[in-house]
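Reading the structure
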Amino acid sequence: MLPGNVTVGEEEEEYAEDCPELVPIEAKTTEAEEKPGLGVKIPVTIITGYLGAGKTTLLNYILTEQHCKRIAVILNEFGEGSAVEKSLAVSQGGELYEEWLELGNGCLCCSVKDSGLRAIENLMQKKGKFDYILLETTGLADPGAVASMFWVDADLGSEIYLDGIITVVDSKYGLKHLTEEKPDGLINEASRQVALADMILINKTDLISEEELNKLRTTIRSINGLGNILETQRSRVDLSNVLDLHAFDGLSGISLQKKLQHVSAVPHLDQSILTVTFEVPGNAKEESLNVFIQNLLWEKNVRNKEERCMEVIRLKGLVSLKDKPQQVILQGVHELYDLEETPLSWKENSERTNRLVLIGRNLDKDILRQLFITTVLETEEPWTSADPICP
Ligand SMILES: Nc1nc2c(ncn2[C@@H]2O[C@H](COP(=O)(O)OP(=O)(O)OP(=O)(O)O)[C@@H](O)[C@H]2O)c(=O)[nH]1
Ligand SMILES: [Zn+2]
């Protein structure tokens, strides 16, 4: 169980036991007591960064490390089925985060103003039960759209304030993302995220050489000359570098308005990248699962109906491996992936199942699901339709 964070929603709330100044939930409090005094605003920290950079790792790290704040968390809905991301959050942190940004077809920039506001308004009804908000955006989000929400909405502005924008950069793929050319000369998402950051974490430094790191740092610096840059592994950072930054206070000298000027408005994210989710009950054979993943991530030889090879940027899943009582998490970023047993066991009577979320180009849900059933499941029916594997 994590210290200090608040599960928002349902009727279960957690309180930090080692924070004496907090009012325990059992004590009957009046409405007035429950809410912070007038003028007490709740800080919001936005955690952004490209797909798989280490945002959730940072979030979990903050929740585990800090002991004197009650933190509410807003996670973006991941693809069409929030179930996977939710169960990942649960398995990783032992907690259930209840507020979700619902993203119409994965495009945060178009839907954030409504659903983001709703998520925060829902949270604010539980005001008094937390004193900090962490908001993780999708990997493809323009944090400017999220940030502007706090700036534009006057009502919201009286209750909460934007404390800072933290951008996590994947050391291994950061340079590739930052230099990616987009059609029509649009700024790519990774650069946009770096451009807006108050703090940039160059994460996963274990995966690159000193020389590569220097190159990446220089590129980041050339995009954002204002933000602080730190290098991290597993997103571990002294919390004073990411929380209570007051980056948008008058005192800091940099107004949000000025920051947002760095970013020009772009109506849509890259259409060719999409998210597919599927669920298949049963047990997976570990070896076959590895082959399935490697075909996607390494061989890149799985084709869609248009004969284009599928390209997976981000892969997440919760799978049931044959002979393993525990639930297993699958995490993939570009060519890297791992399978990790969670402390959670499958319940005796409940059905064991596999849920996968894939983000990338040319993905076809039906083909992927069928391929999973045919090649990965313990018991399978022969698959008759055309073989999707590229020769
Ligand atoms: N080698 C290495 N792996 C890391 C590090 N930090 C995180 N990871 C792994 O990278 C993968 C992605 O991490 P997440 O924290 O889920 O990334 P994210 O940015 O939240 O991903 P999305 O929400 O899908 O965009 C996981 O398998 C992590 O365990 C690191 O410093 N080094
Ligand atoms: Zn995440």
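These figures come from a predicted structure and were not determined experimentally.

Across its full length, the chain holds 12 helices and 12 strands. Evaluated residue by residue, the chain yields a buried proportion of 55% over its 391 residues. Within the chain, counting contacts between residues at least 6 apart in sequence, those at least 24 apart form 77% of the total. Accessible surface for the chain amounts to roughly 18200 Å². Of this, 48% is attributable to carbon and sulfur atoms.

With distances of 2.0 to 2.2 Å, the protein atoms coordinating the zinc ion (ligand 2) are Thr 56 (OG1) and Glu 136 (OE). Taken together, the four donor atoms surrounding the zinc ion (ligand 2) define angles of 86 to 171° at the centre, an arrangement classified as irregular. Of the two residues, Thr 56 sits in helix α2 (residues 55-65) while Glu 136 sits in strand β4 (residues 132-136), which places them 80 residues apart along the sequence. A single burial state applies to Thr 56 and to Glu 136, both of which are buried.

To continue, consider the packing of helix α11 (residues 286-299) against helix α12 (residues 365-375). Helices that pack against each other are described as a pair by the angle of their axes relative to one another and the distance between those axes. At a minimum axis distance of 9 Å, the contact between α11 and α12 shows a crossing angle of 150°. For the pair α11 and α12, the sense of crossing is right-handed. Of the residues in α12, those touching α11 at Ser 288, Leu 289, Phe 292 and Leu 296 are Leu 368, Leu 371, Phe 372 and Thr 375. Residue composition of the contact of α11 with α12, by class: six nonpolar, two polar and no charged.

Surrounding ligand 1, one finds 20 residues, the nearest of these being Lys 55, Thr 56, Thr 57, Arg 234 and Arg 314. For ligand 1, an oxygen atom lies 2.5 Å from a polar atom in the backbone of Arg 234. Considered on its own, ligand 1 offers 660 Å² of accessible surface; in the complex 91% of this is hidden by protein. When residues of the shell around ligand 1 are assigned to their parent elements, the largest contribution, three residues, is made by α2. Considering only residue class, the shell around ligand 1 consists of six nonpolar, seven polar and seven charged.

Below, the discussion takes up the domain arrangement of the chain. Segmentation of the chain into domains returns domain 1 (42-77 + 97-248) and domain 2 (259-265 + 274-376). Contacts between the two partners involve 24 residues from domain 1 and, on the opposite side, 14 residues from domain 2. Across the domain 1/domain 2 interface, buried area totals approximately 1500 Å², and carbon plus sulfur atoms make up 66% of it. Interface area lost by domain 1 to domain 2 is led by Leu 51, Tyr 173 and Leu 196, which between them contribute 33%. The tally of links from domain 1 across to domain 2 stands at one salt bridge. In this structure, the salt-bridge partner of Glu 180 is Arg 361, at a minimum N-O distance of 3.4 Å.

With that out of the way, let us pick up the nonpolar core. One finds Phe 292, Leu 356, Leu 358 and Phe 372 to be the most contacted residues of the largest nonpolar core, which totals 28 residues. Of all the secondary structure elements, the ones that give two or more residues to this core are β8 (273-281), α11, β9 (311-319), β10 (326-333), β12 (353-361) and α12. If sequence neighbours within four positions are ignored, Phe 372 has contacts with Phe 278, Val 280, Ala 284, Leu 289, Phe 292, Asn 354, Leu 356 and Leu 377.

On to the pairing of strand β6 (residues 199-203), then. The buried fraction of β6 amounts to five of the five residues, a majority that puts the element mostly inside the structure. Burial along β6 is two-sided: the face carrying Met 199, Leu 201 and Asn 203 and the face carrying Ile 200 and Ile 202 are both buried. Of the strand pairs in this sheet, strand β5 (residues 160-170) and β6 are connected by five bridges, and their pairing is parallel. Its bridge partner being in β6, Ile 166 is matched across the sheet by Met 199. When β6 meets strand β7 (residues 228-231), the two strands line up parallel, connected through four bridges. Looking across to β7, one finds that Ile 200 is bridged to Ile 229.

A few words on the packing of aromatic side chains. Inspection of every chain in the model, using the stated rule, returns three aromatic pairs. For the ring pair Phe 278 and Phe 372, a centre distance of 5.7 Å and an interplane angle of 65° mean the geometry is edge-to-face. Placement of the pair is Phe 278 in strand β8 and Phe 372 in helix α12, with a sequence separation of 94 residues. On the basis of relative accessible area, Phe 278 is assigned to the buried category, the value being 3%.

This part covers the pattern of salt bridges. Going through the model one piece at a time under the given rule, you end up with 12 salt bridges. A salt bridge links Asp 364 to Lys 305, with the shortest nitrogen-to-oxygen separation between them at 2.9 Å. In this pair, Asp 364 is assigned in the loop between β12 and α12 and Lys 305 in the loop between α11 and β9, connecting sequence segments 59 residues apart. The exposure class of Asp 364 is buried, given its relative accessible area of 13%.

Mapped onto the elements of the fold, Ser 171 is located in the loop between β5 and α7 (174-179). Beyond its immediate stretch of four places on either side in the chain, Ser 171 contacts Ile 202, Asn 203, Lys 204, Thr 205, Ile 208 and Leu 216.

Now for empty space enclosed by the protein. Where empty space is left can be seen by rolling a probe of water-molecule size over the atoms. Enumeration according to the criterion identifies two cavities of 30 Å³ or more in this entry. What the second largest cavity holds in volume is close to 60 Å³. Forming the walls of the second largest cavity are Tyr 50, Thr 167, Val 168, Val 169, Asp 170, Gly 174, His 177, Leu 178, Ala 190, Gln 193 and Val 194. Where the lining of the second largest cavity is concerned, the elements lending two or more residues are β5, α7 and α8 (189-195). Residue contributions to the lining of the second largest cavity peak at four residues, all from β5. Across the lining of the second largest cavity, the residue classes tally to six nonpolar, four polar and one charged.

Conventions and cut-offs
- Residues numbered from 1 in each chain as written.
- Chains lettered and ligands numbered in written order.
- Predicted model: local features only at pLDDT ≥ 70, side-chain atom pairs only at ≥ 80, totals over all residues.
- Heavy atoms only, no water.
- Helix = DSSP H or I, 4+ residues; strand = E, 2+ residues; numbered from the N terminus.
- Buried < 20%, exposed > 50% of the residue type's maximum accessible area, 1.4 Å probe, protein only.
- Contact = heavy atoms within 4.5 Å.
- Areas by Shrake-Rupley, 256 points an atom, 1.4 Å probe, with all protein chains shown as cover.
- Donors = N, O, S within 2.8 Å, 3.2 Å for Na, K, Ca; no water.
- Tetrahedral: all angles 85-135°; square planar, octahedral: opposite > 155°, others 65-115°.
- Axes fitted to C-alpha atoms, helices over the stretch in contact; angles between N-to-C directions.
- Left-handed = near helix turned anticlockwise from the far one by under 90°.
- Nonpolar A, V, L, I, M, F, W, Y, C, P; charged D, E, K, R; others polar.
- Near = heavy atom within 4 Å.
- Polar contact = N/O pair within 3.5 Å; in protein donor to acceptor, adjacent residues only side chain to side chain.
- Domains from an automatic or database assignment.
- Buried area = accessible area lost by both parts, 1.4 Å probe.
- Salt bridge = Lys/Arg side-chain N within 4 Å of Asp/Glu carboxyl O.
- Core = buried A, V, L, I, M, F, W, Y, C linked by side-chain atoms within 4.5 Å.
- Pairing = 2+ DSSP bridges.
- Phe/Tyr/Trp six-rings, centres within 6.5 Å; stacked < 30°, edge-to-face > 60°.
- 1 Å grid on protein atoms, 1.4 Å probe; cavity = no way out; pocket = protein on both sides within 12 Å on 5 of 7 lines; lining within 4 Å.
- Points joined across faces, edges and corners; volume = space filled by probe spheres on them.

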